[in-house]
Amino acid sequence: MKRFLNVLFDRNKYREVFVFITILFAISYFTPLSSILNLILLLWGAIIVLKDLLVKRIIFKSKRFIALIFFIIAYCITIISNRYMGLFENIKILALTSLQFFILFAFDDEDDKCDIYNHIIRFNNIIIKVTFITSLISLIIYLLGINFEFKNFIIGVENGMLNGIYTGANTGGPLAAVSIVASILIMELKKSSGMNKFYIINIVIQLIFIYMTNSRATLYCIIIFGTMFAIFYFKDKKDKLIACTGVVGVYFLSKVVNKILYYIYICINNIVIIAKFAFNKARYYIFLALGKNVNNIDNKPLDMSGSAGNVSEVVEKEISMGFLNGRAQLWDCGMQILKDNFWFGVGSRNVSEVALNYASINELPGILGGGMHNIVIQVLVSNGVIGFIAIVTFAVICLWEYFKYFFDIKLRTQDSKIVLIVFLILIMLLINNMAEANILYSASYMATVFWTYLGFGLFIISKEKRDGKND
């Protein structure tokens, strides 16, 4: 019983389970389980928060949480103001957001640093191992030309984008990017581990998968992360130049890799066609020699006209609504909604419903699944200017702590390099959320990673301050 209670109240275990479950949500076969799994996460999280309020009160020990508490209060007012629309759904999102703030983000400064490092290694390994399997399966699905529908999700290629077994290319692509940066972070944490070869292979697999998704925002984020990493991580100018050249190469490899995989797919498909032809021919002549009925055996001449199978050309994303692919229309609609709901917004779960009062579904691509596709506009529309001010205040406090740390420490220590990588990951996720809205209001792997890493970086900063290492 004691062991069970230790696990039940363990924030680190909760984060590890949370990230595993939210990754499952990104896989089409597990999406139907989201409701029951969300309920389990909410109940478990509520127990941990309640215990913290009665015992350690971590959330009252730092000024960072003041703005977050204010945001939760503002969200409550938003829900009351819009109580006749999506009440229960908005309450669930309020509860989920509270868990992200007060469990995923909240690290206890009194925890042992080695224990937290080991926790982050386990946390990252969950991401890496699951995504290695799912991205590899997705690439195999492409190479074998597999394409079918499962519970309204397309398995395979859709609109020139490789979904694989993910719920969509714009879900799988960013997850692959997270897996790449998680691999880089874990290699920095473990240093010269025998597992580094596996992490390097994972990076290659995830990068190829990103190419095949044709998720431009994801690729740009990886390039930005790589460039900043090259500039700030390496001290020697030669190393910086080599790393930056490598990043440029990563960008330009995209089309090459797409073509190579397409031709590999064609070769595999041709081999399958020839193998089937040879098998049928062999059966035909064997059955003929034995005097058996051969009417049901295909004895047609070899036909390679269908060699392209389910993929007619190199995967190429279809862009029909300009460079932003319809996002400009969403953002314009968001500004119109904000004008009419300036102070407290409409509630995050009401955004799609309210938006459709301003424009038709055809004019707002992705509104039902992704909201405003911009986290800034999403917060403004969901919680109005009051909620937005609270989040911006929190962001400024966090940025100040990170920048002050880098100014004082000047990347002299191993810990500071880890903080740098964490900070670059956060910047990458924020940049991605200029075209998406998934680090808040959702039980997604993006939100889980963002809030966990944000807290992890600040934990190291606080520890170094306490230990006097930046004097």
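Look up: the structure comes first, before these words.
Residues numbered from 1 in each chain as written. Predicted model: local features only at pLDDT ≥ 70, side-chain atom pairs only at ≥ 80, totals over all residues. Heavy atoms only, no water.

1. With respect to unusual backbone geometry
No. 1: Phi at N152 is positive, roughly 70°, even though this residue is not glycine.
No. 2: For N152, the location among the structural elements is in the loop between β1 (148–150) and β2 (153–158).
No. 3: In the Ramachandran plot, N214 falls in the positive-phi region, its phi being about 55° despite a non-glycine side chain.
No. 4: Position of N214 among the secondary structure elements: in the loop between α8 (196–213) and α9 (216–233). (Helix = DSSP H or I, 4+ residues; strand = E, 2+ residues; numbered from the N terminus.)

2. Thoughts on the sheet that holds strand β3 (residues 161–164)
No. 1: Here 3 strands make up an open sheet; going across it, the order is β1-β2-β3 and the pairing antiparallel. Every other strand in the sheet has two partners, leaving β1 and β3 as the edge strands with one partner each. Across the sheet, the axes of successive neighbouring strands diverge by a mean angle of 35°, strand direction being ignored.
No. 2: With 3 bridges connecting them, β1 and β2 associate as antiparallel partners. Residue pairing for β2: E149 is matched across the bridge by I154. (Pairing = 2+ DSSP bridges. Axes fitted to C-alpha atoms, helices over the stretch in contact; angles between N-to-C directions.)

3. With respect to the packing of helix α5 (residues 87–104) against helix α16 (residues 445–467)
No. 1: Relative orientation of the contacting elements α5 and α16 amounts to 35°, with a least axis distance of 9 Å. The crossing of α5 and α16 is right-handed. Contacts between α5 and α16 involve Q100, F101 and L104 on the former and, on the latter, A447, T448, W451 and T452.
No. 2: For the contact of α5 with α16, the class distribution of residues is 4 nonpolar, 3 polar and no charged. (Left-handed = near helix turned anticlockwise from the far one by under 90°. Contact = heavy atoms within 4.5 Å. Nonpolar A, V, L, I, M, F, W, Y, C, P; charged D, E, K, R; others polar.)

4. Thoughts on the packing of aromatic side chains
No. 1: Enumeration over the complete set of coordinates arrives at 35 aromatic pairs.
No. 2: Arranged with centres 5.8 Å apart and planes meeting at 40°, the rings of Y142 and Y265 form a pair that is tilted. Here Y265 lies in helix α10 (residues 237–289) and Y142 lies in helix α6 (residues 113–143), a separation of 123 residues in the sequence.
No. 3: Exposure remark for Y142: the relative accessible area of 1% places this residue in the buried category.
No. 4: With a relative accessible area of 0%, Y265 lands in the buried category.
No. 5: Ring centres of Y251 and F252 lie 5.2 Å apart, and the angle between their planes is 85°; this geometry places the pair in the edge-to-face category.
No. 6: Three or more aromatic residues joined by ring pairs form one cluster here, namely F65, F71, Y75, F101, F102, F105, F394, Y441, F450 and W451.
No. 7: Here the basic side chain of K151 rests over the ring of F150, its NZ or CZ set 5.9 Å away from the ring centre.
No. 8: Directly above the aromatic system of Y233 lies the positively charged group of K417, at a separation of 5.4 Å from the ring centroid. (Phe/Tyr/Trp six-rings, centres within 6.5 Å; stacked < 30°, edge-to-face > 60°. Buried < 20%, exposed > 50% of the residue type's maximum accessible area, 1.4 Å probe, protein only. Lys NZ or Arg CZ within 6 Å of the ring centre and 35° of its normal.)

5. Brief notes about the environment of S81
No. 1: Looking at the secondary structure, you find S81 in helix α4 (residues 64–81).
No. 2: On the basis of relative accessible area, S81 is assigned to the partly exposed category, the value being 46%.
No. 3: Considering only alpha carbons, one finds S81 and V346, 265 residues apart in sequence, at a separation of 8.0 Å.
No. 4: Within the structure, the side chain of S81 is placed 2.8 Å from the backbone oxygen of I77, a separation counted as a polar contact. (Polar contact = N/O pair within 3.5 Å; in protein donor to acceptor, adjacent residues only side chain to side chain.)

6. Points about the pairing of β2
No. 1: Between β1 and β2, which follow one another and run antiparallel, lie 2 residues, and K151 among them has a positive phi close to 50°.
No. 2: Looking at chain direction, β2 and β3 are connected through 3 bridges and run antiparallel. The partner of G156 across the bridge, within β3, is G164.
No. 3: The turn joining β2 and β3, which pair antiparallel and follow one another in sequence, is formed by 2 residues; a positive phi near 50° is taken by N159.

7. A few points about the pattern of salt bridges
When their charged atoms lie close together, side chains carrying opposite charge are able to pair.
No. 1: For the coordinates displayed, the defined rule picks out 9 salt bridges.
No. 2: A salt bridge links K92 to E89, with the shortest nitrogen-to-oxygen separation between them at 3.4 Å. Taken together, the residues K92 and E89, both in helix α5 and 3 residues apart, mark about one turn of the helix.
No. 3: Between R327 and E436 there is a salt bridge, with the nearest N and O atoms lying 3.0 Å from each other. Residue R327 is found in helix α11 (residues 327–340), and its partner E436 is found in the loop between α15 (414–432) and α16; the two are separated by 109 residues along the sequence. The exposure classification of R327 matches that of E436, with both residues buried. (Salt bridge = Lys/Arg side-chain N within 4 Å of Asp/Glu carboxyl O.)

8. Digging into the nonpolar core
No. 1: Counting residues in hydrophobic clusters, the biggest one holds 126 residues, and the most contacted among them are Y402, W451 and L454.
No. 2: With sequence-adjacent residues up to four places away left out, L454 is seen in contact with F105, F394, C398, Y402 and L426.
No. 3: L330, W331, I367 and M372 belong to the second-largest nonpolar core, a separate cluster that totals 14 residues. (Core = buried A, V, L, I, M, F, W, Y, C linked by side-chain atoms within 4.5 Å.)

9. Thoughts on a nonpolar patch on the surface
No. 1: A grouping of Y29, F30, L33, I36, L39, I40, L43, L136, I140, L144, I146 and F148 is seen on the molecular surface, where their side chains present a nonpolar patch of about 1,000 Å² in accessible area.
No. 2: Secondary structure elements with two or more residues in the nonpolar patch: α3 (34–54) and α6.
No. 3: Here the nonpolar patch takes 4 residues from α3, the largest share from any one element.
No. 4: Note that I146 resides in the loop between α6 and β1.
No. 5: Look at I146 and you get partly exposed, because its relative accessible area is 32%. (Patch = residues over 30% accessible without salt bridge, like charges linked within 9 Å, V, L, I, M, F, W, Y side chains within 5 Å. Areas by Shrake-Rupley, 256 points an atom, 1.4 Å probe, with all protein chains shown as cover.)

10. Digging into the side chain of S352
No. 1: By the element assignment, S352 lies in helix α12 (residues 351–355).
No. 2: Side-chain polar atoms of S352 contact the backbone oxygen of I367, separated by 2.8 Å.
No. 3: S352 has contacts with I367 and L368, leaving out every residue within four places of it along the chain.

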